[in-house]
Amino acid sequence: MTALQILIDGFAISALYALGATGFTLIFGVSGVLNLSHGALMVTAAVVAWAASSEFGLGPYAGAAAGVAVCTVLTLATYGIVVRPIDRSRAIPPEEKEIFILTGTLLWGIMIQEFIAYLFTSNAKTVMPIVEGVVTIAGVRTPWNQVFTAVVCWGVIGLLWLLVNRTRTGKVLLAASMNPRGVTLLGFELSKIYVAIWIIYGVLAGIAGVLLGQFLGVSSYSVGPLTASAFSIVVLGGLGSVSGSLIAAYVVGYLETLTAYLVSPAYRSIPALLLLVAVMYVRPQGLLGRR
């Protein structure tokens, strides 16, 4: 395995992590929620895309659309069934709500994982690729699907940047992440803002999940490692910092790629977790974190 091959593979998987972690960071920045069902949402998108395209014969485009749609609906259900009731509960002290939400989303993710295993078994599933064939990059044969994955991920991140920085809706979301109370004083409803950000997050997680299913394949066992990777990225980059998450995604992505090639794919997530522990001791706020 050449260094160039590792570089190309690492770039694609890092782009996937960057896309997923961007949504993960957005909901924390706006609503203060760390969603530990993140991996379950991504796997759901991939499994639905696989079932729709392969089992029901709808083809790769319809399958991908179905995966993203179901993931978005399930993400809204996560907010409506788990997060919002805890956040609005008067029986839970305000200082304890964060740990209740962490626990609630973790249990919700486990429930989704077990439901997927029950319906579709725990066998690995590869989503039908939208783009097939190979291309030679500097002498290295690379699947077109891998190039497509990186391009789509960064294209979606670019569109998100335009939404946040160039539209009225995006500026309201940005303002809510900085000063929620100030936004309410201007006449905007935080509940609607939260729903909007969870929808955006669901779309991002759905796209990342479908692309991951096309690139590497997934199973119900992928839920834990995906959540751990996303958590490592957002903490390493700095909670609430999208820029930090993008940088951290490439650090984690290349660490995992090197570990998979040089040691074993079974241990690919361990170095990133060890790095996370080290960073929490040296710089607890992460690379670009504010809190």
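What you see is a predicted model; the values in this text were computed from it and never measured.

Chemist: Can you tell me about the overall build of the protein, naming the residues and giving the values?
Modeler: Each helix and strand counted, the protein has eleven helices and two strands in total. Ordering the α and β elements of the protein from the N terminus gives α-α-α-α-β-β-α-α-α-α-α-α-α. Over its C-alpha atoms the protein spans a radius of gyration of 19 Å, differing by no more than 12% from the 19 Å that the globule rule assigns to 291 residues. Going through the 291 residues of the protein one by one, you find that 51% of them count as buried. In the protein, of all internal contacts separated by at least 6 residues, the share reaching a separation of at least 24 is 76%. If you sum the accessible surface of the protein, you get close to 13700 Å²; carbon and sulfur atoms cover 69% of it. Of the charged side chains in the protein, 15 are positive and 10 negative; the average position of the first set lies 13 Å away from that of the second.

Chemist: Can you tell me about the environment of Ser 222, naming the residues and giving the values?
Modeler: In this structure, Ser 222 sits in the loop between helix H8 (190-215) and helix H9 (223-237). The spacing of Ser 222 and Gly 187 is 35 residues in sequence and 42 Å in space, taken between C-alpha atoms.

Chemist: Please give an account of the packing of aromatic side chains that cites residues and values.
Modeler: According to the stated counting rule, one finds six aromatic pairs in the structure shown. Between Phe 11 and Tyr 250, the aromatic rings sit 5.4 Å apart at their centres with planes inclined by 55°, giving tilted as the arrangement. Here Tyr 250 lies in helix H10 (residues 242-262) and Phe 11 lies in helix H1 (residues 3-31), a separation of 239 residues in the sequence. With relative accessibility at 36%, the residue Phe 11 sits in the partly exposed group. Given a relative accessible area of 16%, Tyr 250 falls into the buried group. A connected cluster of aromatic rings, assembled from ring pairs, spans Phe 11, Trp 154, Tyr 250 and Tyr 254. The residue whose ring lies beneath Lys 125 is Trp 50, and the NZ or CZ to ring-centre distance is 5.4 Å.

Conventions and cut-offs
Residues numbered from 1 in each chain as written. Predicted model: local features only at pLDDT ≥ 70, side-chain atom pairs only at ≥ 80, totals over all residues. Heavy atoms only, no water. Helix = DSSP H or I, 4+ residues; strand = E, 2+ residues; numbered from the N terminus. Rg over C-alpha atoms; globule rule 2.2 N^0.38 Å. Buried < 20%, exposed > 50% of the residue type's maximum accessible area, 1.4 Å probe, protein only. Contact = heavy atoms within 4.5 Å. Areas by Shrake-Rupley, 256 points an atom, 1.4 Å probe, with all protein chains shown as cover. Lys, Arg positive; Asp, Glu negative; His and termini not counted. Charge placed at Lys NZ, Arg CZ, Asp CG, Glu CD. Phe/Tyr/Trp six-rings, centres within 6.5 Å; stacked < 30°, edge-to-face > 60°. Lys NZ or Arg CZ within 6 Å of the ring centre and 35° of its normal.

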